[in-house]
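What follows is each chain in one-letter form.
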Amino acid sequence: MLPRPDKMDELETCLQRELTDTKPRMIGIKGEWGVGKTFRWNQIWKELKSSDHSLRKKKYSYVSLFGVESIDRLRREILGRIQLSGGTKRPGKNSPLRRADQFLRSSKFKGTGAPLVLADWIEDWLVSGGTICLDDIERMSSKLSVASVFGYLNFLKEERDCTIVLIFNEEKLHKSQKKDLAYYREKVLDREFLYDPAIEENLNIALNGEGLQAAKEVFLKAENNNLRLMFKVREIVEYFKLNLQHNFPGLWEVFAGNCAKVVLVYHSTKNLKIKDYLLNSSSLLIWMKESTIPSKIKELFQKVNYIPFDSNALILEYIEKGSVDLGKHQSVLRSDDRRQQSNSLEAELSEIIDLYRLNFQCEKDFFVYRLNEFLEKNGDQLRLADLSAAIQLLRDLCPEKEFQPIFDRAADAFVEKGGDSKSLRSLPGLDDSLRKTVQRKLDESDSQRSLEEIFLSLSREGGYEPEDVRFLEKFSEGEIADWVLHSKRTDLIPRLRNLKVRFEKPPKEHPKAQKLLEEALSIVKEKSAFKKYQVESLLEE
């Protein structure tokens, strides 16, 4: 028995020597599921046929034993997949040879010997001298024993000069199958190889290309050598790459790594609710605490540092459906993209600040240049607190420096992302000039808000932003009445009632707004007797 090959080319060298031998051989290739045994065999066979004239003339049949229940079925599977002329031709179901064989074995000749002899001769000619590859021995039916399979294959080898290649996972054989294999392997197997490539070798096959490095690192962390899953990840990454890499550059590299994480954890368990756990942090934490969860699955989540991203829903959708409507997920992608860009920028800012706070190797001019360049380029994408801290440091070092252009861009970005006065007030210690700039931008934005926006904010359940009362007071009672009369909102009257109660409730903090609303409702009542009845019965009850 040969020692375990350390590299893929060792297997190719050994197989080349075995397959070009003039004597028929029976060769075993064993290894774990998914490491690429069948993939590598197909590669080697194709390469050897293209380079060796004698192999190009050989007949070839590849058969998976998955579900095969009898030797007769195995025989028919081998015959049905015979390729002639070096694998370029296959006698189909309607080929003269196949039809003749089926006809001679039909019931019309039952009890007669000559036609069956002729049929046997056709079958013998089809398989004689060929190379037969049998895959998935561990998946064959329990009705078929390893002993009977080996007996039939030994017949093909000894009597029909066939070279046999067996591909299997010995660890997944049933107890009785292992016993039969142990008994017959020395008698029938001429050479046996353990195909156990390094993870890096398989990664270089499946995930060797632009944008795949993050996915490769996930497989290395997980210590997973499943070539099929690697190819699956490549398929998913390439599916999303054209759109996401261009439109969401901040998210793309993390998303590519998440493709590998989701594929690995999704296929690690048969739990049908795994989708819920992969998208929700709270659900995942609760699930991981369950005592029934195998330790291997928990370790996998920890090894790959799995974090539920909203955009992981796209990966799961592709796994389950084979396609994704990206148009439905744009808001999710934008949100994750902004979050990742922010995280990356915060890390870069931290590296620059470290030049100042970790040792004395950095000169002032270089540090100021690096920090100022970074803020001018990325200040509007940072959190206000981080920007403020960096600006205060630069202000101490360069009191004469002007930062207003950076403040303006940062304030515009804050307003565009939905920031408001309440969230601004929640940031203590903010640079005073930055705070004033942001507040000015908020005021400018609020001055452009419609009456409906302000009304909806003030009348919502669970509280309101007092700042909005000031914007309501900028409108006249006539403008408010006109909007009320023309609004088609189906929740208008309930919201008006809620707002009226809110203003009238002690200690009546907004008397001006309360009076404004009362005068607007008076105008509404004057429009008609019916509208007066509506206001009095529904709003003044």
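Residues numbered from 1 in each chain as written. Predicted model: local features only at pLDDT ≥ 70, side-chain atom pairs only at ≥ 80, totals over all residues. Heavy atoms only, no water.

(A) Quick look at the overall build of the protein chain. From N to C terminus, the protein chain includes 28 helices and 5 strands. Counting all 541 residues of the protein chain, 44% fall into the buried class. Looking at the protein chain alone, contacts between residues at least 24 apart form 69% of all its contacts between residues at least 6 apart. (Helix = DSSP H or I, 4+ residues; strand = E, 2+ residues; numbered from the N terminus. Buried < 20%, exposed > 50% of the residue type's maximum accessible area, 1.4 Å probe, protein only. Contact = heavy atoms within 4.5 Å.)

(B) Geometry of the sheet that holds strand β4 (residues 163-168). Ordered by their spatial adjacency, 5 strands build an open sheet running β2-β3-β4-β1-β5, and the pairing between neighbours is parallel. Bordering the open sheet on either side are β2 (60-64) and β5 (191-194), each of which pairs with just one other strand. Pairwise comparison of adjacent strand axes, ignoring direction, gives a mean angle of 15 degrees for this sheet. Alignment of strand β1 (residues 26-30) against β5, held across 4 bridges, turns out to be parallel. By the bridge assignment, G28 is partnered in β5 with E192. Across the face of the sheet, helix α2 (residues 37-51) comes into contact with β1, β2, β3 (131-135) and β4 while running at roughly 150 degrees to β4. Against the sheet, helix α4 (residues 71-80) touches β2 and β3, its axis set at about 135 degrees to β2. (Pairing = 2+ DSSP bridges. Axes fitted to C-alpha atoms, helices over the stretch in contact; angles between N-to-C directions.)

(C) Examining the packing of aromatic side chains more closely. Under the definition given, this model contains 15 aromatic pairs. Measuring from centroid to centroid gives 5.2 Å for F240 and F255, while their planes differ by 75 degrees, and the two rings are edge-to-face. A residue pair is termed long-range when its members are at least 10 positions apart, and F240 in helix α11 (residues 227-247) and F255 in helix α12 (residues 249-266) qualify at 15 residues. Where W252 meets F255, the ring centres are 6.2 Å apart and the plane angle is 25 degrees; that geometry is what we call stacked. Here W252 and its partner F255 are both found in helix α12, 3 residues apart, which amounts to about one turn of the helix. (Phe/Tyr/Trp six-rings, centres within 6.5 Å; stacked < 30°, edge-to-face > 60°.)

(D) Focus on the environment of E32. Tracing the backbone through its elements, the reader meets E32 in the loop between β1 and α2. Accessibility expressed as a relative area gives 55% for E32, which makes it exposed. Along the backbone, E32 and Y195 are 163 residues apart, and their C-alpha atoms lie at a distance of 8.1 Å. Excluding its chain neighbours within four sequence positions, the residues that come into contact with E32 are K37 and N169.

(E) Summary view of empty space enclosed by the protein. According to the stated counting rule, one finds 2 cavities of 30 Å³ or more in the structure shown. Empty space within the largest cavity amounts to approximately 80 Å³. In terms of lining, the largest cavity is formed by L451, F455, L472, I480, W483, V484, L496, L499, A513, L516 and L517. Those elements that place two or more of their residues in the lining of the largest cavity are α23 (451-459), α25 (477-486), α26 (492-504) and α27 (511-527). Considering only residue class, the lining of the largest cavity consists of 11 nonpolar, no polar and no charged. (1 Å grid on protein atoms, 1.4 Å probe; cavity = no way out; pocket = protein on both sides within 12 Å on 5 of 7 lines; lining within 4 Å. Points joined across faces, edges and corners; volume = space filled by probe spheres on them. Nonpolar A, V, L, I, M, F, W, Y, C, P; charged D, E, K, R; others polar.)

(F) How the structure looks around the nonpolar core. Residues F240 and F301 are the most contacted members of the largest nonpolar core, which totals 49 residues. With 11 residues, the single largest contributor to this core is α12. Apart from residues lying up to four places away in sequence, F301 is in contact with V265, I274, L278, L284, W287, M288 and Y306. Residues V63, L126, V127 and V146 belong to the second largest nonpolar core, which totals 30 residues. (Core = buried A, V, L, I, M, F, W, Y, C linked by side-chain atoms within 4.5 Å.)

(G) Geometry of the environment of A411. Structurally, the position occupied by A411 is in helix α20 (residues 404-416). As a C-alpha pair, A411 and D380 span 31 residues in sequence and 7.5 Å in three-dimensional space. For A411, the residues in contact, after removing those within four places along its chain, are T437, V438 and K441.

(H) Structural detail: the layout of surface pockets. Estimates place the volume of the largest pocket at around 900 Å³. The wall of the largest pocket is formed by 23 residues, among which E32, W33, N224, N226 and K296 lie closest to the centre. Counting residues per element, the ones that place at least two in the lining of the largest pocket are α11 and α15 (295-303). A per-element tally of the lining of the largest pocket places α15 first, with 5 residues. A class-by-class count of the residues in the lining of the largest pocket yields 7 nonpolar, 7 polar and 9 charged. By volume, the second largest pocket is sized at about 540 Å³. Contributing elements (two or more residues each) for the lining of the second largest pocket: α17 (330-357), α19 (384-397) and α20. Tallying contributions element by element places α17 first for the lining of the second largest pocket, with 5 residues. Its residues placed into classes, the lining of the second largest pocket shows 8 nonpolar, 5 polar and 6 charged.

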